[in-house]
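Secondary and tertiary structure notes
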Amino acid sequence: MSNILDFAIQGDDKSYKEAYRQKILLRYYRRKVVKRSLKLSRDDCVAKYGNGEFVHLNVHTKFSPLSGVDEPSDLFESAKSIGVGVLGITELGYMSSIPDCYLGAKATKVKFIAGISAYFSDYEVKRRELLDVVTIEKDEDGVETEKTTNKIKDHPFLVNACAKYKTPNITILAKNEAGYKELLNLNLMSWADGFYYTPRVTRKMLEKFNNGNLVILSGTLLDKMIELGYTKGIEYPEYGALCAYDYMKWFDEKFGDDFYIELTMRCQDTVWGSDIDRMSTLISLIDSYKTDFNKNLKCVVTNDVYYIDKNDEYLYKAMLAIQRNTTMRGIKDYSSELYLKNRAELRATYNECLYNKIMSSDFFEKACDLSIEIGNKCAAFKADTKPKLPQVENGASILKKLVAQALIKGGYAQDKTKYDVDGNMVTYTEQVKIELDRFIEKGFESYFLIMRDIIKFSHDSGWATGPSRGSAGGSLVCFLLGITNSMDPLKFGLSFDRFLSKSRGGYMLNISMDK
């Protein structure tokens, strides 16, 4: 892979064509994958290697689009069942799982650490600078005109480095509630100022939140630099990026005791490189750092969890196939070890999958113990799980007025026929009162007014919306407001409780607008 970039950075036509040729060849040979997987069952691992405490710090749920598989509640239940007392949830570029994770942790008594697996790219700043370069040109008469040119094509190395699947990630964990709020702001900044295929974080962004409230794990950043051949003494300052060694130094200087080198045993070799070779190179760089600066960088084992059980591998593979627009048969370069393991299974992976050839048992056990240190370093806090919506002033009275007008206009107010709704015989007027009382009691009046405005604007603009797919079709209020306007729920005997039951908590409702 490093050969491709070495060719591409030269920039002349001949070398760029050669780089492209090699890239095509690598894509072809990438199908040849060597995978080492753990053969022992969980019980066998415990019997052979003994169990122990371990904290998972890099776990993804279904809120990591087309990557994570499971519901947060299921992950916390499973963690409790295998003796894992702490989970760090780190979605890929998102933090929308926080409310569900908090509730899952509360129900199971498993400690929850809020985090994010942030896409990291120092190349993004330079890429944006080259997108639209404005120059002033004068004609023969001296008249000045602005000319905008895109110079990104003159930098094939940068184009390649910023490509869709070339962005590594770093793991960031909140130590406390202040750190959680910093994470929210950092993630917002990555979407607003760093988005290119994915929301990308830069060193400049991280420096703004270096207040001692965050723990930084190296994620796949150092692995990616090593994979590209950028280990030590190699950098491209004109593009703003560093080599693996210099990134280690930068993070150590900025975050000190809160920076950890992340070690993940993926048990996977491809033509892009051997997983064991990369980790061996990384450990050599850590030793070199100790020699140069007389300081031990802390290493922590993570398992980069995407699914709960080993047998769920096919679900993860299906997600990757959808993500890459291919078939499951076409997915070769992935790890089958990214499930929720206990410490015994991690010990078995270390011993059975050859990682004991590149690091000592003491080194491995200490790296596992440091997961516990981070778990203790990060304090639990109460997350705000309430829906965040603009509140319409006098929303309840406005909603009642609009529904009453629709009842009269449609002739439903005069209809005294009784209809069966969830086992109760009610008229249109009676059912409207039941629904409005429940919506207002649970604080959803503004939600329905907002949804009505969205649907109305769509229809006024000539945009099609769905008729009444899903449970919202059982709401008479939605029908009268025009949110679901194609099917009268009373005449068709649809259930309202399926949409919003009395026992439902403050979770946000879901109204499907697609056709």
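Residues numbered from 1 in each chain as written. Predicted model: local features only at pLDDT ≥ 70, side-chain atom pairs only at ≥ 80, totals over all residues. Heavy atoms only, no water.

Overview of the packing of aromatic side chains
For clarity, the threshold we go by: What counts as a ring pair is set by centres within 6.5 Å for rings of Phe, Tyr and Trp (its six-membered ring), and what kind of pair is set by the plane angle: stacked under 30 degrees, edge-to-face over 60, tilted for all other angles. Burial classes follow relative accessibility: with a 1.4 Å probe on protein chains only, a residue under 20% of its type's maximum area counts as buried, one over 50% as exposed, and anything between as partly exposed. Only when the NZ of Lys or the CZ of Arg is both within 6 Å of the ring centre and within 35 degrees of the ring normal is a charge said to sit over the ring.
In this structure the tally under the stated criterion is 30 aromatic pairs. Relative to F448, the ring of Y447 lies with its centre 5.4 Å away and its plane at 80°, an arrangement referred to as edge-to-face. Each member of the pair, Y447 as well as F448, carries the same accessibility label: buried. Geometry around W250 places R203 over its ring, the cationic atom sitting 5.7 Å from the centre.

Remarks on the side chain of S64
Defined as follows: Helix numbering and strand numbering both begin at the N terminus, where a helix is a DSSP run of H or I of at least 4 residues and a strand a DSSP run of E of at least 2. Here, residues are in contact when the closest pair of their heavy atoms is within 4.5 Å.
With respect to the helices and strands, the residue S64 is situated in the loop between β2 (56-59) and α4 (72-81). Assessed through its relative accessible area of 0%, S64 is described here as buried. In this view, S64 contacts E91 and L92; residues no more than four positions away in its chain are not counted.

Side note on the packing of helix α3 (residues 42-49) against helix α14 (residues 343-352)
Operational definition: Here, axes are lines fitted to C-alpha atoms. For helices the fit covers the stretch in contact, and angles between N-to-C directions go from 0 to 180 degrees. Roughly parallel here means an angle under 35 degrees, roughly antiparallel means over 145, roughly perpendicular means 65 to 115, and every remaining angle is called oblique. The nonpolar class holds Ala, Val, Leu, Ile, Met, Phe, Trp, Tyr, Cys and Pro. Asp, Glu, Lys and Arg form the charged class, and all remaining residues, Gly among them, are polar.
Look at α3 against α14: their axes get within 8 Å of each other, and the N-to-C directions meet at 75°. It follows that α3 is roughly perpendicular to α14 by the angle criterion. Seen from α3, the contacting residues are R42, C45, V46, K48 and Y49; seen from α14, they are A344, E345, R347, A348, N351 and E352. Here the residues of the contact of α3 with α14 are counted per class, giving five nonpolar, one polar and five charged.

With respect to empty space enclosed by the protein
To keep it simple, the criterion reads: Cavities and pockets are found on a 1 Å grid laid over the protein atoms alone: a cavity is a set of points where a 1.4 Å probe fits but cannot escape, a pocket is an open set with protein on both sides within 12 Å along at least five of seven lines, and a lining residue has an atom within 4 Å of such a point. Grid points are joined across faces, edges and corners, and a volume is the space filled by probe spheres set on the points.
This model, assessed by the stated rule, comprises two cavities of 30 Å³ or more. Roughly 50 Å³ of internal volume is contained in the largest cavity. Lining the largest cavity are D223, E262, L263, T264, D275, R278, M279 and L282. Mapped by element, the contributors of at least two residues to the lining of the largest cavity are β11 (259-264) and α12 (275-293). The leading source of residues in the lining of the largest cavity is α12, at four residues. For the lining of the largest cavity, the residue count by class is three nonpolar, one polar and four charged. In this model, the second largest cavity occupies a volume close to 30 Å³. Lining the second largest cavity, in full, are N58, N169, G219, T220, D223, E262, T264, R266 and D304. Within the lining of the second largest cavity, the residues separate by chemical class into no nonpolar, five polar and four charged.

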